[in-house]
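Residue-level listing of the chains:
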2 protein chains.
Amino acid sequence: MDFKQEIKDRANIVDSYMESFLPGEDEYPEVIYKAMRYSVFAGGKRLRPIMVMEACKAFGGDWEKTMPFACAIEMIHTYSLIHDDLPALDNDDYRRGRLTSHKMFGESMAILAGDALLHHAFETMAKACVELNDIKYNKAMLAIAEGAGVHGMVAGQVVDVISEGKEIDKDTLDFIHKNKTAAMLIGALKSGAEMGVACDEDIKKIERVGELVGVAFQIQDDILDVTSTFEKLGKPINSDEKNHKVTYATMFGIEKASKIVEEMSDEAIDILKSMGGDMDFLIRLTEYLIKRDN
Amino acid sequence: MDFKQEIKDRANIVDSYMESFLPGEDEYPEVIYKAMRYSVFAGGKRLRPIMVMEACKAFGGDWEKTMPFACAIEMIHTYSLIHDDLPALDNDDYRRGRLTSHKMFGESMAILAGDALLHHAFETMAKACVELNDIKYNKAMLAIAEGAGVHGMVAGQVVDVISEGKEIDKDTLDFIHKNKTAAMLIGALKSGAEMGVACDEDIKKIERVGELVGVAFQIQDDILDVTSTFEKLGKPINSDEKNHKVTYATMFGIEKASKIVEEMSDEAIDILKSMGGDMDFLIRLTEYLIKRDN
């Protein structure tokens with residue numbers, strides 16, 4: 001089977017669970033539940049939840065029990081995009097080819113829809129931790145909380161915002177990549193590995209894999225901003241250049257940036273191959289991520 | 001000892017723990033940690049964390065172990081105020097006599113500071129759940145998550161926002177009070193009771209106490225908006241009338257609204273007296289909350 005199809009099949013599983021974790025659109029006050037669902041079901045690839053599931057499976061764990069955590073990390077990812085797009089931040093009108101939340105529901109509701117998804121992510125995990133009552137799930141929740149939190153994604157977002165329009169150096173750019181993007185991928189893989197009860201050494205290794213894949217993923221994103229098309233990306237291309245945004249692509253050029261992505265990806269695959277458990281899917285996922293065109 | 005002083009002593013304990021749970025202001029990127037601390041240490045009364053501690057103590061639990069949860073609920077309360085004050089929502093320049101977060105740090109950083117506090121609340125609780133490894137703490141976290149979440153505080157906030165400038169009926173007003181304010185007090189009391197391992201019947205009773213105290217607290221707030229002074233409240237008075245906001249005070253008049261507050265408070269105290277455990281402090285707290293002048 002085509003790997004893209006394997007991803008799609010898993011994304012469909014994530015979506016069916018997501019459906020059950022989100023409040024219905026007919027509950028009062030409807031607008032907030034509509035806004036939550038509008039952004040969650042906007043066609044994301046579900047890479048983070050798939051990483052949670054697959055990291056758990058790789059270590060022999062029960063993937064169905066990971067679903068509250070897998071869906072929670074996607075809710076967090078979605079909230080971060082809603083707030084990122086707000087007029088006070090990136091002020092983007094489109095995301096994945098559709099109007100952004102504040103364009104669709106107004107600014108106040110977009111702020112609240114983001115908040116609501118962040119709340120609901122943790123409420124979903126907290127409920128699962130009570131029901132499943134095993135410390136491995138508490139550890140999984142903590143891994144996600146740390147990846148997304150004030151020493152993870154939030155810190156990266158802050159540096160991204162305060163760097164806007166400035167000539168930043170490579171260290172600052174690396175900080176943004178590691179925190180804004182990679183920290184959540186580390187959280188996804190680590191939480192899955194915790195639920196698969198991986199040993200401490202493998203947890204450390206999977207964290208490193210998350211960092212490498214995350215940074216490579218972000219650089220690839222910046223390369224695609226130059227080399228892709230509106231149709232493929234669902235958003236305007238060359239936006240970084242237009243916004244005078246420093247990226248690996250603008251700093252080193254496409255060729256060198258692509259080489260760096262490849263090296264990171266190779267290192268991640270070498271680490272995956274050195275680990276216990278069945279890493280086949282995660283290896284193919286890593287390969288896929290650097291070859292993607294959207 | 002004066003009860004106000006007893007509250008103050010407990011608030012100081014909360015603050016010293018809060019200090020240890022929040023990132024330092026010298027960490028990079030400093031601005032976000034400064035913004036988090038600016039709003040957390042803006043002189044709140046710490047009623048919600050005190051309710052967590054005291055509900056736990058009332059049932060014979062160890063109050064020190066409640067501190068990650070007590071501080072987390074205050075972080076959530078603080079984030080909700082930061083986002084509530086934003087230009088797209090209430091557009092308030094002052095809170096507790098000081099500039100609001102977006103006036104101090106700019107709008108993008110205020111959005112992120114709110115997000116950061118919400119993240120950090122759950123990260124702090126998740127960490128405690130791993131360290132303490134007992135289902136009662138998972139239940140405490142869930143109680144706070146539910147109180148704050150999309151069927152609690154967030155729903156109340158949404159209805160408050162969509163009701164702005166409209167002539168709303170009593171049912172809508174009650175929905176706002178129950179969700180925007182009371183749900184968090186229910187979460188505080190319930191989480192404390194869970195950590196004190198209260199029986200199911202007492203958990204149900206304490207939820208009802210939280211609802212009564214929360215709604216009474218909000219009506220009292222609306223009464224103070226009419227009867228208090230800028231100096232006592234730390235914000236302009238008569239703001240509800242100016243904003244054409246419907247409250248119990250504008251709907252029923254001060255006298256009847258005060259009577260309703262008293263009746264709710266009496267019912268809450270009757271329930272507290274009917275429960276196992278030492279409810280003395282919670283009874284005095286309930287009495288104090290309706291007699292407060294700020």
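Scroll up a little and you will see the structure.
The rules we used
- Numbering of residues starts from 1 in each chain and follows the order in which that chain's sequence is written.
- Chain letters start at A and ligand numbers start at 1, both assigned in the order the entries are written.
- Residue-level local features of this predicted model are given only where pLDDT is at least 70; pairs of side-chain atoms are given and counted only at 80 or more, and the full residue set underlies all totals for whole chains, interfaces and linings.
- The side-chain figures draw on all heavy atoms in the structure; neither hydrogens nor water molecules are used.
- Residues belong to one nonpolar core when they are buried, are Ala, Val, Leu, Ile, Met, Phe, Trp, Tyr or Cys, and are joined through side-chain atoms within 4.5 Å.
- The rule is simple: take the accessible area with a 1.4 Å probe, protein chains only, and divide by the maximum for that residue type; under 20% is buried, over 50% is exposed, in between is partly exposed.
- Contact between two residues is taken to exist if any of their heavy atoms lie within 4.5 Å; hydrogens are not considered.
- Runs of H or I in DSSP of at least four residues are treated as helices and runs of E of at least two as strands, each being numbered from the N terminus.
- Multiplying one less than the number of residues by 1.5 Å gives the expected span of a helix.
- Here the copies are superposed with least squares, the fitted atoms being C-alpha atoms of residues at a pLDDT of at least 70 in both.
- Buried area: the accessible surface (1.4 Å probe) lost by two parts on joining, summed over both.
- Within this document, salt bridges are pairs made up of a side-chain nitrogen of Lys or Arg and a carboxyl oxygen of Asp or Glu, the two lying within 4 Å of each other.
- For this analysis, a polar contact is any N or O atom pair within 3.5 Å, provided that within protein one partner can donate a hydrogen and the other can accept it, and provided that sequence-adjacent residues contribute only side-chain to side-chain pairs.
- Gly falls in the polar group here, along with every residue not listed as nonpolar (Ala, Val, Leu, Ile, Met, Phe, Trp, Tyr, Cys, Pro) or charged (Asp, Glu, Lys, Arg).
- Geometry of aromatic contacts follows a simple scheme: Phe, Tyr and Trp rings, the Trp one being its six-membered ring, pair when their centres are within 6.5 Å, and the pair is stacked under 30 degrees between planes, edge-to-face over 60, tilted otherwise.
- Counted as over-ring charges are cases with an Arg CZ or a Lys NZ within 6 Å of the ring centre that also lie within 35 degrees of the ring normal.
- Note on bend: the value at a residue is the angle between axes fitted to the seven residues ending there and to the seven starting there.
- A patch consists of residues exposed above 30% relative accessible area that lack any salt bridge, with like charges linked at up to 9 Å and nonpolar side chains (Val, Leu, Ile, Met, Phe, Trp, Tyr) linked at up to 5 Å.
- Reported accessibility uses the Shrake-Rupley method at a 1.4 Å probe radius. Residues are deemed covered only where the shown protein chains occlude them.
- Every angle, taken between N-to-C directions, lies between 0 and 180 degrees, and every axis is a line fitted to C-alpha atoms, over only the stretch in contact when it is a helix.
- Between 65 and 115 degrees an angle is taken as roughly perpendicular, under 35 as roughly parallel, over 145 as roughly antiparallel, and anywhere else as oblique.
- Should the near helix be turned anticlockwise from the far one by less than a right angle, the crossing is termed left-handed; should it be turned clockwise, right-handed.
- Lys and Arg are tallied as positive, Asp and Glu as negative. Neither His nor the chain termini are counted.
- Note that the charge is assigned to NZ on lysines, CZ on arginines, CG on aspartates and CD on glutamates.

**Quick notes on the nonpolar core**
Inside soluble globular proteins, nonpolar side chains tend to come together where they are buried.
1) Next: Counting 199 residues, the largest nonpolar core has A:Phe69, A:Ile76, A:Leu285, B:Phe69, B:Ile76 and B:Leu285 as the members making the most contacts within it.
2) Next: Those residues in contact with A:Phe69 that lie beyond four places of it in its chain are A:Met125, A:Ala128, A:Cys129, A:Leu132, A:Tyr137, A:Ala140, A:Met141, A:Ile144 and A:Met195.

**With respect to helix 3 (residues 47-58) of chain B**
Because an α-helix packs 3.6 residues into every turn, residues spaced three or four apart end up facing the same way.
Residue and element names in this part refer to chain B.
1) Next: Given a rise of 1.5 Å per residue, twelve residues ought to cover 16 Å, and the 16 Å separating the end C-alpha atoms of helix 3 matches this to within 8%.
2) Next: Extensive coverage of helix 3 is indicated by the burial of eleven of its twelve residues.
3) Next: Where helix 3 is concerned, the buried positions are Leu 47, Arg 48, Pro 49, Ile 50, Met 51, Val 52, Met 53, Glu 54, Ala 55, Cys 56 and Ala 58.
4) Next: Packed against the buried residues of helix 3 are helix 1 (3-21), helix 4 (67-85), helix 9 (170-195), helix 10 (200-227) and helix 15 (280-291).
5) Next: Looking one or two residues beyond helix 3, the residue adopting positive phi is Gly 60, at roughly 85°.

**So, the relation of the copies chain A and chain B**
1) Next: Expressed as a screw transformation, the operator carrying chain A onto chain B has a rotation angle of 180° and an axial translation of 0.0 Å, and the superposed copies differ by an RMSD of 0.0 Å. What the rotation and shift describe, once combined, is the action of a two-fold rotation axis.
2) Next: With an isologous cut-off of 70% or more, the 100% of interface residues of chain A that recur at the interface of chain B puts this contact in the isologous class.

**Quick notes on unusual backbone geometry**
Residues apart from glycine generally show negative phi values, whereas peptide bonds are mostly found in trans.
Residues and elements named next belong to chain A.
1) Next: Looking along the chain, the bond that leaves Tyr 28 and enters Pro 29 is cis, with omega of -5°.
2) Next: Following the sequence through the fold, Pro 29 ends up in the loop between helix 1 (3-21) and helix 2 (30-40).
3) Next: The phi dihedral of Arg 96 falls on the positive side, at around 50°, and the residue is not glycine.
4) Next: Mapped onto the elements of the fold, Arg 96 is located in the loop between strand 1 (94-95) and strand 2 (98-99).

**A word on the interface of chain A and chain B**
1) Next: Every contact between the two is made by 52 residues of chain A and, on the other side, 52 residues of chain B.
2) Next: Buried area between chain A and chain B, summed over both chains or domains, comes out near 4400 Å², and the portion from carbon and sulfur atoms is 75%.
3) Next: The largest per-residue losses of area from chain A upon contact with chain B belong to A:His119, A:Glu123 and A:Val150, which jointly make up 15% of the total buried on that side.
4) Next: Seen at the junction of chain A and chain B, the total is zero salt bridges.
5) Next: Where chain A packs against chain B, one counts eleven residue pairs in polar contact (both at pLDDT 80 or more).
6) Next: Of all the elements in the fold, those that place two or more residues in the side of chain A that touches chain B are helix 2, helix 4 (67-85), helix 6 (107-132), helix 7 (135-148), helix 8 (153-162) and helix 9 (170-195) of chain A.
7) Next: Taken together, the residues of the side of chain A that touches chain B break down into 35 nonpolar, ten polar and seven charged.

**Points about the packing of aromatic side chains**
1) Next: In this structure the tally under the stated criterion is 17 aromatic pairs over all chains.
2) Next: With centroids separated by 5.1 Å and ring planes inclined at 45°, the aromatic side chains of B:Phe3 and B:Phe281 adopt a geometry described as tilted. With B:Phe3 in helix 1 and B:Phe281 in helix 15, this residue pair connects regions lying 278 residues apart in the sequence.
3) Next: Here B:Phe281 falls in the buried class, since its relative accessible area comes to 7%.
4) Next: Plain terms: the ring middles of B:Tyr38 and B:Phe105 are 5.4 Å apart, the flat faces sit at 80° to each other, and that makes the pair edge-to-face. Note that B:Tyr38 is positioned in helix 2 (residues 30-40) and B:Phe105 in helix 5 (residues 101-105), a separation of 67 residues in sequence.
5) Next: Relative accessible area serves as the criterion here: at 15%, B:Tyr38 is assigned to the buried category.
6) Next: The partly exposed category is assigned to B:Phe105, whose relative accessible area is 23%.
7) Next: Taken together, the ring pairs connect A:Phe3, A:Phe281 and A:Tyr288 into an aromatic cluster.
8) Next: Over the ring of A:Tyr38 we find A:Arg98; its NZ or CZ atom is 4.0 Å from the centre of that ring.

**Describing the environment of A:Met141**
1) Next: Relative to the helices and strands, A:Met141 is located in helix 7.
2) Next: You can call A:Met141 buried: its relative accessible area is 0%.
3) Next: On a C-alpha basis, the gap between A:Met141 and A:Asn91 in space is 31 Å, while along the polypeptide they are 50 residues apart.
4) Next: Filtering out sequence-adjacent residues up to four positions away, A:Met141 remains in contact with A:Phe69, A:Met125, A:Ala126, A:Cys129, B:Ala126 and B:Met141.

**Observations concerning helix 9 of chain A**
Residue and element names in this part refer to chain A.
1) Next: Taking 1.5 Å of rise per residue, 26 residues should cover 38 Å, and helix 9 covers 35 Å from first to last C-alpha, within 8% of that figure.
2) Next: Its axis deflected by about 50° at Ala 182, helix 9 carries its strongest bend there.
3) Next: The element helix 9 is largely enclosed, with a buried count of 21 among its 26 residues.
4) Next: Downstream of helix 9 by a residue or two, Val 197 has a phi angle that is positive, lying close to 55°.

**Considering the pattern of salt bridges**
1) Next: In total, this model carries 40 salt bridges over all chains according to the counting rule given.
2) Next: A salt bridge links B:Asp84 to B:Lys180; the shortest N-O distance between them is 3.3 Å. Taken together, the positions of B:Asp84 in helix 4 and B:Lys180 in helix 9 put the pair 96 residues apart, joining distant regions of the chain.
3) Next: By sharing partners, the salt bridges in this structure join A:Glu6, A:Arg10, A:Glu54, A:Lys57, A:Asp280 and A:Arg284 into a single network.

**Here's the deal with a nonpolar patch on the surface**
Residues and elements named next belong to chain A.
1) Next: A surface patch of nonpolar side chains, amounting to about 280 Å² of accessible area, comprises Tyr 94, Leu 99 and Met 104.
2) Next: Tracing the chain through its elements places Leu 99 in strand 2.
3) Next: Of the residues examined, Leu 99 reaches a relative accessible area of 34% and is grouped as partly exposed.

**Here we look at the packing of helix 4 of chain A against helix 8 of chain A**
Residues and elements named next belong to chain A.
1) Next: It is the contact of helix 4 with helix 8, at a shortest axis distance of 12 Å, that shows an interaxial angle of 15°. Classed by the angle they form, the pair helix 4 and helix 8 counts as roughly parallel. Between helix 4 and helix 8 lies a crossing of right-handed hand. On the side of helix 4, the interface is formed by Ile 76, Tyr 79, Ser 80 and Asp 84, while helix 8 contributes Met 153, Val 154 and Gln 157.
2) Next: Grouping the amino acids of the contact of helix 4 with helix 8 by side-chain chemistry returns four nonpolar, two polar and one charged.

**What to know about a negative patch on the surface**
Residue and element names in this part refer to chain A.
1) Next: Together, Glu 262, Asp 266, Asp 270 and Glu 287 make up a region of like negative charge exposed at the surface.
2) Next: In terms of residue count, the dominant contributor to the negative patch is helix 13 (residues 248-273) (three residues).
3) Next: One can find Asp 266 in helix 13.
4) Next: Here Asp 266 falls in the partly exposed class, since its relative accessible area comes to 42%.

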